[in-house]
Amino acid sequence: MNNPTQERIMSELNRTEFAELVQHFRPLFARIAEGASARETERTLLHEPIRWLKAARFGTLRIPKEEGGFGVSLPQLFALLTELAEADSNLPQALRAHFAFIEDRLNQPASEDRRRWFRRFVDGELVGSGWSEIGAVKLGEVNTQVSPDEGGMADQR
């Protein structure tokens, strides 16, 4: 790989760093697992475990270290998502759009827009599943623009 940006995106934590990160999240996964059956049986939404994951910065796993994230590789992300799924299988599904959105940002050229998104995630925000671009949009492009109007917000395609 000759592209330094792509090398950074594809880099991964070394074994020791990753083992420490896994140990960081395991107590949280255990806490999540304690209530998983009750949440499933009682059809309780995942608000509380999502708050715990946000507080632990789980949503920043793929964001590069120099941008404030953990900088894990995709295989490392999948390993952590698998452990999270063992605790509560609904949570990786709930976070699927967030991590897909981050991958889209990672595949964009470095820009202020990309840094702005990364800062929002480092500050604890997550993306829900209500995002997409329609039509013939290339990977990394965003064509939809939303602007305020008299009724609130309007799509300006």
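Residues numbered from 1 in each chain as written. Predicted model: local features only at pLDDT ≥ 70, side-chain atom pairs only at ≥ 80, totals over all residues. Heavy atoms only, no water.

In the annotation of an unreviewed UniProt entry, the entry for the protein reads Sulfur acquisition oxidoreductase, SfnB family, and the organism field reads Enterobacter agglomerans.

Visitor: I tried to follow helix α4 (residues 74–87) on my own but got confused; where do I start?
Guide: An α-helical turn contains 3.6 residues, so a residue and the one three or four places further along point in the same direction. In this model, α4 (14 residues) spans 20 Å end to end at C-alpha, consistent with the 20 Å of a helix rising 1.5 Å per residue. Of all the residues in α4, the buried ones are Gln76, Leu77, Leu80, Leu81, Leu84 and Ala87. What you see down the axis of α4 is that its buried residues fit within an arc of 135 degrees, all on one side. Along α4, the residues that are exposed and aim more than 90 degrees away from the buried face are Pro75 and Glu86. Residues of α4 that are buried sit in contact with α2 (15–42), α3 (47–55) and α5 (90–106). (Helix = DSSP H or I, 4+ residues; strand = E, 2+ residues; numbered from the N terminus. Expected span 1.5 Å × (residues − 1). Buried < 20%, exposed > 50% of the residue type's maximum accessible area, 1.4 Å probe, protein only. Arc of directions from axis to C-beta. Contact = heavy atoms within 4.5 Å.)

Visitor: Help me understand the confidence of the model for the protein in this model?
Guide: When pLDDT drops low, the exact placement of atoms in the prediction is not to be read closely. Residues with a pLDDT of 70 or more make up 85% of the protein, whose mean pLDDT is 86. Low pLDDT (under 50) marks residues 1–10, which in the prediction has 13 contacts with non-local residues, meaning those over four places away or in another chain. (pLDDT = per-residue confidence, 0-100.)

Visitor: Can you walk me through the environment of Leu46 in this structure?
Guide: Along the chain, the position of Leu46 falls in the loop between α2 and α3. Of the residues examined, Leu46 reaches a relative accessible area of 18% and is grouped as buried. The spacing of Leu46 and Ile32 is 14 residues in sequence and 9.9 Å in space, taken between C-alpha atoms. Setting aside its immediate chain neighbours within four residues, Leu46 contacts Arg39, Asp88, Asn90, Leu91 and Ala94.

Visitor: Please clarify how the pattern of salt bridges should be interpreted in this entry.
Guide: Close approach of charged atoms allows side chains of opposite charge to pair. Applying the stated criterion to the full structure yields eight salt bridges. Glu103 is paired through a salt bridge with Arg62; the nearest N and O atoms lie 2.6 Å apart. Taken together, the residues span a long stretch of sequence, with Glu103 in helix α5 and Arg62 in the loop between α3 and α4 at a distance of 41 residues. Residue Arg62 is classed as buried on the basis of its relative accessible area, which comes to 3%. Close ionic contact of Arg115 with Glu112 constitutes a salt bridge, the shortest N to O distance being 3.4 Å. Of this pair, Arg115 and Glu112 both sit in helix α6 (residues 112–122), separated by three residues, roughly a single helical turn. A residue is classified by how much of its surface remains accessible, and Arg115, at 31% relative accessible area, is partly exposed. (Salt bridge = Lys/Arg side-chain N within 4 Å of Asp/Glu carboxyl O.)

Visitor: Would you explain α3 in this entry?
Guide: Taken together, the buried positions of α3 are Pro49, Ile50, Trp52 and Leu53. In an axial view of α3, the angular spread of the buried residues amounts to 155 degrees, which keeps them on one side of the axis. Projecting away from the buried face of α3 at angles above 90 degrees are the exposed residues His47, Arg51 and Ala55. Against α2, α4 and α5 lie the buried residues of α3. Positive phi shows up at Arg57, right after α3, with a value of about 65 degrees.

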